[in-house]
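Examination of the molecular architecture
Single-letter residue listing:
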Amino acid sequence: MGSSDLYVNQDSDSILARNTLIVIDNNHNKSNSVRRNGGMVISRYIVGIFCAVCLTLTLFIPALGCTTFGITKSASSDGSVIVAHSNDGFGPGEVGTSVREDAVVFSYVPAQNFTPGSKRPILYDPNSGGEFRGSGEASDNDTIILGYIDQANHTYGYLSGSYGMMNEHQLISGECTDFARVHPDAEKGKRIFYSSELSNIAMERCRTAREAVELVGKLIEEYGYYGTGETLIFGDPNEVWVIEMCGGTPSGTGGYWVAQRVLDGQVFVAANEFRIREIDANETSNSTLIFSENLFDDAEKMGWWNRSQGKLDWTATFSAGEYSHPYYSLGRVWRIQDRIAPSMNLSPYVDGPFTTAYPFSVVPDRSINLTEAFDLFRDHYEGTKFDLTAPPAGGPFGDPYRKWGPFDEHDRLYPGELKPGSWPRPISTDPCGYSYVAQAREWLPDSIGGVCWIGLSSPAETCYAPFYAGMTKLPAPYLNGSHWDLDFDTAFWPFEMVQNWARLMYVEMIPAIKAEQSRLEGRAISQQFGIEQQALELYKKDEISARDFLTEYTNATAMENLESWKALFERLVVTYRNGQYNDVQNKTINNIGYPDWWLEYAEYQYGPRVYDVQSLGEIPGVKYTNEMVNLTSSEDPIAYIRENQTKIFF
């Protein structure tokens, strides 16, 4: 049995029987040979199906489409290690140590001590893309315990959203969801871990990025993995590591994972597709790459790879490619790599989802500062072929966001499937719940060196506020909220309302938003050194006092951002009421109007400008000239328009 064909025996369970929610047919050879034999479908690369009836299973994918990147310390302008993450979606999921209804809230989990022999519960994440196989039906808001692991004697305090974000020892993390070839269901005692719990446990127990990926890998192997494929980035003051994972082993337990260190001086980016590539079966591990022991044997058992092929390509073997449509994932990878390393002349066009055109990590043309890291998240492909602000789809005022069509959702793109069309998937997207850019700095104590800059709603219209690793609590508006209930006393809604209102006249309003971003973020960055020096002086005497100081500063700055964004929203509403520019200070109203190109596109020139509307409508190619013409009483306006205001067609 070769790697190109694996047949399902109608009389026996498949290799992955009783294990999977669905197995995705990932045909790398760009052909799909299907034969029907007694009513049974036999397809290349189809495995893990109980019998033919299991082909009716459908795939549920959570409403996530995140972008994440890691900047090593020699690639940043100040020597920080930076990890960034955008949580691009809503839905119930795990926040900290509980299941919450919405992914627009945060949790600070304090450090704790536990008695020897204590057990830590592992919660089912309803946002995992896998169903729960238990004794009863599970709703989105149920807190289901899938199993227990030994509790640590001491756990670290950490900040968490839908995933662990930063702990008190400057361990920072980012995430994105990926399509894997197999998405198993959760099952008590068999497959109990999804990436969200793995990231939280890493925050609780680890001080370094290497420790984190090793722990995550060990837990996957010992306790099993369910749900979608995942990429987690872990950073510490010295290193950045990437770990990618999925489930679907022949035994139904354990899982697969690969971890790779980002070389110092380089930048890694991922956007909903695995990014780690070749692995040598003859190397069990090295200083830059570690992986699960079962990777090669199981890949051979499933007919996905054999040793005669040489190195195993992790992404091409275990990934199912991009979300939704071509360039959904790769477009964002290209955009960030091209922005930071334009000298590489990377093409935005590739030959398929498993291209090697975009390296695992790149050396930026120049070091990246914090403001530039924020700006990477605020991108809509401006100035490129895919520019979402450009006409005509951007509308008269350059709205970069789109109403999703039926083929823009997070469904699976199957080989050979030609969809009617899709919108480019930008880095800053309107379903975003929150994003952050986290720093780890080796020259400062952990409680001061770690800082996570958080912004709610879409990155392009948000404002990032610093949250220090030494803080001990979050301000109340960040602890509560829902995208279902409008509440200006929660952190999410003031930012969401600015983003929504700006879309009415985006090109007019975005300068005011950027000015406020620059004012608030610029002030926080300029104050950073002084604040940290004060904290450092307190730290030398008493760490608790330093942490109290940082908590007070973090909370005050976050609340100031929130109140400023409420005031900005009110100002935008009044200033751009009814599509006019309302100068509040001078009490004047000015008509903004539409741009000339849009007036012509909308055939404004065919509107009621003459009484003989019928004859006007019969003139082909009338153009909009944005000028007034005074005709004599003897001149025919229709003749004048036909002669002087029509396009020339070749």
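Treat the numbers as computed from the prediction; the structure is a model and nothing was measured.

Tallied over the entire structure, the rule returns 28 salt bridges. Asp 399 is the salt-bridge partner of Arg 503, the closest N and O atoms lying 3.0 Å from each other. In this pair, Arg 503 sits in the loop between α8 (492-502) and α9 (506-541) while Asp 399 sits in the loop between α6 (370-376) and β27 (434-440), placing the two residues 104 residues apart along the sequence. Under the relative-accessibility criterion, Asp 399 is labelled buried at 14%.

Secondary-structure assignment places Gly 470 in the loop between β29 (465-468) and α8. Not counting residues within four places of it along the chain, the set of residues in contact with Gly 470 comprises Ser 447, Arg 547 and Thr 551.

A few words now on the nonpolar core. If you look at the biggest cluster of nonpolar residues, it comprises 76 residues, and the most contacted ones within it are Phe 106, Ile 279, Leu 295, Trp 314, Phe 318, Ile 454 and Leu 456. Core analysis: the next-biggest nonpolar cluster, separate from the first, contains 40 residues, Ile 336, Tyr 358, Ile 427 and Tyr 553 among them.

Attention now moves to the packing of aromatic side chains. Two numbers describe a pair of aromatic rings. These are the distance of the centres and the angle of the planes. For the coordinates displayed, the defined rule picks out 37 aromatic pairs. Between the aromatic rings of Phe 274 and Trp 314, the centroid separation amounts to 5.0 Å while the plane-to-plane angle is 35 degrees, which identifies the pairing as tilted. Here Phe 274, found in the loop between β22 (267-270) and β23 (278-279), pairs with Trp 314, found in helix α4 (residues 314-318); they are 40 residues apart in sequence, far enough to count as distant. Of the two residues, Phe 274 and Trp 314, neither departs from the other in class, the shared state being buried. Their ring planes at 20 degrees and their centres at 4.2 Å tell us that Tyr 594 and Trp 598 sit as a pair that is stacked. Seen from the ring of Trp 304, Arg 181 lies directly overhead, with NZ or CZ sitting 4.1 Å from the centre. Above the plane of the ring of Trp 423 lies Arg 402, whose end atom (NZ or CZ) is 5.0 Å from the centre.

By the definition in use, this model includes six cavities of 30 Å³ or more. One number sums up the size of the largest cavity: a volume of about 120 Å³. Lining the largest cavity are 13 residues; nearest its centre among them are Trp 404, Trp 423, Pro 424, Arg 425 and Pro 426. Considering only residue class, the lining of the largest cavity consists of seven nonpolar, two polar and four charged. The computed volume of the second largest cavity comes to approximately 80 Å³. Among the residues making up the lining of the second largest cavity, the classes are represented as six nonpolar, three polar and three charged.

Relative to the assigned elements, Gln 266 resides in the loop between β21 (256-261) and β22. Given a relative accessible area of 15%, Gln 266 falls into the buried group. Apart from residues no more than four positions distant in its own chain, Gln 266 is found in contact with Gly 70, Ile 71, Thr 72, Ala 75, Ser 361, Val 362, Val 363 and Pro 364.

To continue, consider the layout of surface pockets. Its boundaries defined by the atoms lining it, the second largest pocket holds a volume of some 440 Å³. Lining the second largest pocket are 18 residues; nearest its centre among them are Arg 609, Glu 627, Met 628, Val 629 and Gln 645. In the lining of the second largest pocket, the residues fall into 10 nonpolar, five polar and three charged.

As a further point, take helix α2 (residues 209-223). Taking 1.5 Å as the rise per residue, α2 with 15 residues should run 21 Å; its terminal C-alpha atoms sit 21 Å apart, in good agreement. Next to the buried residues of α2 lie β12 (145-150), α1 (195-205), β19 (229-235), β20 (240-246), β21 and β24 (289-291). Positioned one or two residues after α2, Gly 224 has a phi angle of 90 degrees, which is positive.

Here the focus is unusual backbone geometry. Residue Pro 392 follows Pro 391 across a cis peptide bond; omega there is 0 degrees. Relative to the assigned elements, Pro 392 resides in the loop between α6 and β27. Residue Gln 170 is not a glycine yet carries a positive backbone phi of 70 degrees. Assignment of secondary structure puts Gln 170 in the loop between β15 (164-167) and β16 (172-178). Overall, Gln 170 belongs to the buried group, its relative accessible area being 0%. Even without being glycine, Ser 457 reaches a positive phi, approximately 65 degrees. Mapped onto the fold, Ser 457 is located in the loop between β28 (451-456) and β29.

Calculation rules
Residues numbered from 1 in each chain as written. Predicted model: local features only at pLDDT ≥ 70, side-chain atom pairs only at ≥ 80, totals over all residues. Heavy atoms only, no water. Salt bridge = Lys/Arg side-chain N within 4 Å of Asp/Glu carboxyl O. Helix = DSSP H or I, 4+ residues; strand = E, 2+ residues; numbered from the N terminus. Buried < 20%, exposed > 50% of the residue type's maximum accessible area, 1.4 Å probe, protein only. Contact = heavy atoms within 4.5 Å. Core = buried A, V, L, I, M, F, W, Y, C linked by side-chain atoms within 4.5 Å. Phe/Tyr/Trp six-rings, centres within 6.5 Å; stacked < 30°, edge-to-face > 60°. Lys NZ or Arg CZ within 6 Å of the ring centre and 35° of its normal. 1 Å grid on protein atoms, 1.4 Å probe; cavity = no way out; pocket = protein on both sides within 12 Å on 5 of 7 lines; lining within 4 Å. Points joined across faces, edges and corners; volume = space filled by probe spheres on them. Nonpolar A, V, L, I, M, F, W, Y, C, P; charged D, E, K, R; others polar. Expected span 1.5 Å × (residues − 1).

So, to be careful, I would describe these as geometric facts and stop short of saying anything about function.
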